[in-house]
Amino acid sequence: MPDAFKIPQLRQFVIAATRQSLRIAAEETHRTQAAVTLAMQSLEEQIGASLFEHGHQARLTPLGEAVLPLLRELLALHDRVRNEISLLAAGERGSIALAVMPSLAEEWLPLMLKRFAASHPGVSLRIADVSSPQVGPMVASGEAQLGVAGLSDDVGGLECTVVARDTFGVVCAREHPLAKRGRSVPWRSLQGESLIENTTFHALRDRRLGKLLDQPRMVIKNRTSLIAAVKAGLGITVLPALAQPGPEHGLAFLPLTAPSIERRVGVLRSAGRSLSPAAAHMYALMLTSLREFARGKGAHPV
């Protein structure tokens, strides 16, 4: 098999042929003219024929003229690939798949993605808005590199970083009788209310609440539809503090007490496997921004 071309030699040849000067080729590649002359002789020996006319060091032979566009194309490909690799290694190129539970997909996720896109515009993103129990399996299977979910005790094969301890509260219209009872209400206050179940109720099963949540008036999984139903007076719902509607919705959020129930929220990644450079930058931003978001929502950042 013929020896592989040396990129510095090819670069010197293309410069010398284009500028018709070995001296300029030496200056632009930071070599002496004698070193470039030897490099051109070595390249000719490798190819097996002369590239420059004898006695005219910068004048190409017919073969040299035919070879020039090919080597120029090869150099351009090399430089493009090298640049892409550098960008990938720096986290400026690549793709990231995220799985995020719905309770964080409306407020936190867009703000975090906007920050990431501003500093990493060349990275493509794929986002899955899925229920919390689905996040872990997506990360474990490799379908998502990173996930955000309420955490259970079963996170086998996953590395979990807890970012917040979240509590629950009742969401209702500001005119609702519950909203006028104070800054918080006990769970038993839900008895007899028209309750709308949502995707976060899975975290409340088997939490010493008896049958309070067993007979909801309706089940709405989409967050936008859920908030609209509460605003329309169709019932009340229970959400984590991190998922409480913003002030623009005109709804009340009252922490639920007696008992006090918490869930851990964290970022999941595959255990024992490195993240791509772009995903590592995303991971760091997710941890920081989630803690900031938790603090602003009245949850407890960890």
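Now for a description of the structure that goes with this document. (Residues numbered from 1 in each chain as written. Predicted model: local features only at pLDDT ≥ 70, side-chain atom pairs only at ≥ 80, totals over all residues. Heavy atoms only, no water.)

### Remarks on the overall build of the chain
Looking only at helices and strands, one finds nine helices and 11 strands in the chain. A compact globule built from 302 residues would reach a C-alpha radius of gyration of about 19 Å, whereas the chain, at 31 Å, exceeds it by more than 25%. Taking the principal axes of the C-alpha coordinates as reference, the chain spans close to 100 × 40 × 30 Å. Surface exposure of the chain reaches about 15900 Å², of which carbon and sulfur atoms provide 52%. The distance from the centre of the 34 positive side-chain charges to the centre of the 27 negative ones in the chain is 9 Å. (Helix = DSSP H or I, 4+ residues; strand = E, 2+ residues; numbered from the N terminus. Rg over C-alpha atoms; globule rule 2.2 N^0.38 Å. Areas by Shrake-Rupley, 256 points an atom, 1.4 Å probe, with all protein chains shown as cover. Lys, Arg positive; Asp, Glu negative; His and termini not counted. Charge placed at Lys NZ, Arg CZ, Asp CG, Glu CD.)

### Re a nonpolar patch on the surface
The grouping of F5, I47, L63, L74, L77, V81 and I85 at the surface amounts to a nonpolar patch, some 530 Å² of accessible area in total. With five residues, helix α4 (residues 62-89) is the single largest residue contributor to the nonpolar patch. For F5, the location among the structural elements is in the segment before α1 (7-19). (Patch = residues over 30% accessible without salt bridge, like charges linked within 9 Å, V, L, I, M, F, W, Y side chains within 5 Å. Salt bridge = Lys/Arg side-chain N within 4 Å of Asp/Glu carboxyl O.)

### Concerning the nonpolar core
Counting 31 residues, the largest nonpolar core has L98, L104, W108, M112, V148, M282 and M286 as its most contacted members. Secondary structure elements with two or more residues in this core: β1 (94-100), α5 (102-105), α6 (108-119), β3 (146-150), β4 (158-173), β10 (262-270) and α9 (277-296). Beyond its immediate chain neighbours, meaning those up to four positions away, M112 contacts L98, M282, L285, M286 and S289. In this structure, I24, A25, A39 and M40 belong to the second largest nonpolar core, which totals 21 residues. (Core = buried A, V, L, I, M, F, W, Y, C linked by side-chain atoms within 4.5 Å. Buried < 20%, exposed > 50% of the residue type's maximum accessible area, 1.4 Å probe, protein only. Contact = heavy atoms within 4.5 Å.)

### Regarding the pairing of strand β8 (residues 236-240)
Summarising burial for β8: five of the five residues are buried, a large majority. Neither face of β8 is exposed, since I236, V238 and P240 on one face and T237 and L239 on the opposite face are all buried. Looking at chain direction, β4 and β8 are connected through four bridges and run antiparallel. Residue V171 lies in a different strand from β8, and its bridge partner there is T237. Here strand β6 (residues 195-197) pairs with β8 via two bridges, running parallel. Looking at the pairing, L195 lines up with I236 of β8. (Pairing = 2+ DSSP bridges.)

### What to know about the side chain of S132
With respect to the element layout, S132 can be found in helix α7 (residues 132-141). A polar atom in the side chain of S132 sits 2.8 Å from the backbone nitrogen of G150. (Polar contact = N/O pair within 3.5 Å; in protein donor to acceptor, adjacent residues only side chain to side chain.)

### Things to note about the packing of α1 against helix α3 (residues 33-47)
In contact at an axis separation of 10 Å, α1 and α3 are set at 105 degrees when each is read in the N-to-C sense. It follows from the interaxial angle that α1 and α3 lie roughly perpendicular. For the pair α1 and α3, contact is made by Q9, L10, Q12 and F13 and by V36, A39, M40, S42, L43 and Q46, respectively. Counted by class, the contact of α1 with α3 contains six nonpolar, four polar and no charged residues. (Axes fitted to C-alpha atoms, helices over the stretch in contact; angles between N-to-C directions. Parallel < 35°, antiparallel > 145°, perpendicular 65-115°, else oblique. Nonpolar A, V, L, I, M, F, W, Y, C, P; charged D, E, K, R; others polar.)

### Here we look at unusual backbone geometry
The bulk of non-glycine residues show a negative phi, and the bulk of peptide bonds are trans. A258 connects to P259 through a cis peptide bond whose omega is 5 degrees. Relative to the assigned elements, P259 resides in the loop between β9 (251-257) and β10. Backbone geometry places Q20, a non-glycine residue, at a positive phi of 55 degrees. Taking relative accessible area as the criterion, Q20 reaches 61% and is therefore assigned exposed. Despite not being glycine, A258 shows a phi value in the positive range, around 50 degrees. Here A258 is to be found in the loop between β9 and β10.

### A few points about the pattern of salt bridges
Pairs may arise between side chains of opposite charge once their charged atoms sit close together. Under the defined criterion, the tally for this structure stands at nine salt bridges. Two residues, E28 and R19, come together in a salt bridge whose shortest N-O distance is 2.7 Å. The class for R19 is partly exposed, based on a relative accessible area of 45%. R223 is paired through a salt bridge with E106; the nearest N and O atoms lie 3.3 Å apart. Separated by 117 residues along the polypeptide, R223 in helix α8 (residues 223-231) and E106 in the loop between α5 and α6 bring together distant segments of the chain. Using a relative accessible area of 29% as the deciding quantity, one classes E106 as partly exposed.

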